[in-house]
Every structure is written in structure tokens, then in C-alpha cells.
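Spelled out from the first residue to the last, the chains are:
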Amino acid sequence: VYFLNKLLSKFPNNKEALSLLAIIHSDTSSFNNEFNIPLADQYFNQLINLYPNYKISYYNFGKYKQDVFKYKEALEWYGKYLKIDFENKHIYYNMGFCYLKLENYDKSIDAFSKAINIDNSFLLAYHARAYLYGLIGETGKARIDWKNCLMLNPSYLPAINALSS
């Protein structure tokens, strides 16, 4: 962090240094002693203001907001990413998770479906959508998605357990 800050003192618009500092200060893992919400927000905002088409910043900012349980803010940042690139399955998957946490199940299912439409071998998206279908009582659709999980991975225990119950 020290050397990145020194680099920024000489080159205040350095994209890589700003990116690294934003990621370091937004990392919520327990071993990160540099987690700092105000600094993370500052570096992400500075990075996005300087480089508005640098799409990974929107993804990282959204993921950080998701990790600190600010799901509505995460959705806003993911939405900004989609204005640059609407073909990222991980964005839609993360949006589905955020909508799930906000209990907006229809939008959550729609987001997981978009992830699957981009990559029909995206096991985790099938799993999440199957879980949601089960949650809202659409067991037939849930079973179809669990079966899709098994087609992708025949030994996938969550699907085996779900189909056997």
C-alpha cells in the first residue's frame, strides 16, 4: 500500500495503482488489515471518474458492495457495467444473488436465466435458479434445473440430494 500511494503521489491518475488500492481496501477477507470502506469508495469513485469505460471497476465496485451487504448499491454498479458489456454471465449471476437477498424472486430468476442464456453450462446459475424455483413452490421447474445440474456434473451432490427428497 505504501508504494502504491507513493506511485499515486507522482502519477495521481495511474489506473493500475488506483485499481489495486480500490481492491485492497475493499477486500473483506478476514486476513486483510487494509479493509477500509471510505478509502475503497474513494478509490473506486476516482477510478470510475477518470476511466468511465474501464468495466472491471464497475464489476469490482459492485462485488465489494455485495460483499458488505449493500445489495441495492451493488445492483446499481452491476447495471452500469451492463451498459458497457451486457454479455457477462458473472454480472447476471451476482445480480441474481442480490435480488435473492432483497427477496425480489422474479428479478432474481430473470438474472439467473440471463446468465444461463449466455452460458448454458453455468452450473451455479442452474443451482441458484433451481433453489429459487423450489423456494417459490415451482417444484417442476426446480426439478428441471436440478436435472440440468446433473447433466453438467453427474456427481453434483446438491442436485442429487434435491432430487432424492
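Structure shown above.
Our subject in this report is the structure included herewith. Note that the structure is a prediction, hence the values are computed from the model and not measured.

**Examining the overall build of the chain**
Helix and strand counts for the chain stand at ten helices and zero strands. With the principal axes as the frame, the chain shows a C-alpha extent of 60 × 35 × 25 Å. Evaluated residue by residue, the chain yields a buried proportion of 41% over its 165 residues. The contacts in the chain between residues at least 6 apart in sequence include a share of 39% that link residues at least 24 apart. A total accessible area of about 9400 Å² is found for the chain, and carbon and sulfur atoms account for 55% of it.

**A look at the pattern of salt bridges**
Counted under the stated rule, the structure contains eight salt bridges. Among the salt bridges present, the one from K63 reaches D67, with a minimum N-O distance of 2.7 Å. Pair noted here: K63 and D67 are both in helix α4 (residues 55-67), with a separation of four residues, about one helical turn. Here the salt bridges share partners, and the residues they tie into one network are D41, K65 and E73.

**Observations regarding the side chain of S19**
Examined against the element boundaries, S19 turns out to sit in helix α2 (residues 15-26). Filtering out sequence-adjacent residues up to four positions away, S19 remains in contact with L47 and Y54.

**Things to note about the nonpolar core**
Residues Y78, I91, M95, W146 and C149 are the most contacted members of the largest nonpolar core, which totals 48 residues. Non-local contacts of Y78, meaning those with residues more than four positions away in its chain, are made with Y59, G62, K63, Q66, I91, N94, M95 and C98.

**Observations regarding a nonpolar patch on the surface**
Where nonpolar side chains cluster on the molecular surface, the patch consists of Y131, L135 and I136 and spans about 270 Å² of accessible area. With respect to the helices and strands, the residue L135 is situated in helix α8 (residues 123-135).

**Regarding the packing of aromatic side chains**
Evaluation of the coordinates by the stated rule reveals eleven aromatic pairs. Residues Y2 and F3 carry aromatic rings whose centres are separated by 5.2 Å and whose planes lie at 80° to one another, so their mutual orientation is edge-to-face. On the basis of relative accessible area, F3 is assigned to the exposed category, the value being 67%. Aromatic side chains F44 and Y64 sit 5.9 Å apart centroid to centroid with 20° between the ring planes, which places their arrangement in the stacked category. Here F44, found in helix α3 (residues 37-50), pairs with Y64, found in helix α4; they are 20 residues apart in sequence, far enough to count as distant.

**What to know about the environment of V1**
With respect to the helices and strands, V1 occurs in the segment before α1 (2-10). Put simply, V1 and L21 are 20 residues apart on the chain and 7.0 Å apart in space, counted from C-alpha to C-alpha. Setting aside residues no more than four positions away along its own chain, V1 makes contact with L21, I24, H25 and E34.

**Here's the deal with α2**
Over its twelve residues, α2 runs 16 Å from end to end, which matches the ideal 16 Å to within 8%, given 1.5 Å per residue. Among the residues of α2, those classed as buried are A17, L18, S19, L21, A22, H25 and S26. As for α2, its buried residues are in contact with α1, α3 and α4. Taking the backbone nitrogen of E16 as reference, a side-chain oxygen 3.2 Å away marks N14 as the first, capping residue of α2.

About the cut-offs
Residues numbered from 1 in each chain as written. Predicted model: local features only at pLDDT ≥ 70, side-chain atom pairs only at ≥ 80, totals over all residues. Heavy atoms only, no water. Helix = DSSP H or I, 4+ residues; strand = E, 2+ residues; numbered from the N terminus. Buried < 20%, exposed > 50% of the residue type's maximum accessible area, 1.4 Å probe, protein only. Contact = heavy atoms within 4.5 Å. Areas by Shrake-Rupley, 256 points an atom, 1.4 Å probe, with all protein chains shown as cover. Salt bridge = Lys/Arg side-chain N within 4 Å of Asp/Glu carboxyl O. Core = buried A, V, L, I, M, F, W, Y, C linked by side-chain atoms within 4.5 Å. Patch = residues over 30% accessible without salt bridge, like charges linked within 9 Å, V, L, I, M, F, W, Y side chains within 5 Å. Phe/Tyr/Trp six-rings, centres within 6.5 Å; stacked < 30°, edge-to-face > 60°. Expected span 1.5 Å × (residues − 1). Polar contact = N/O pair within 3.5 Å; in protein donor to acceptor, adjacent residues only side chain to side chain.

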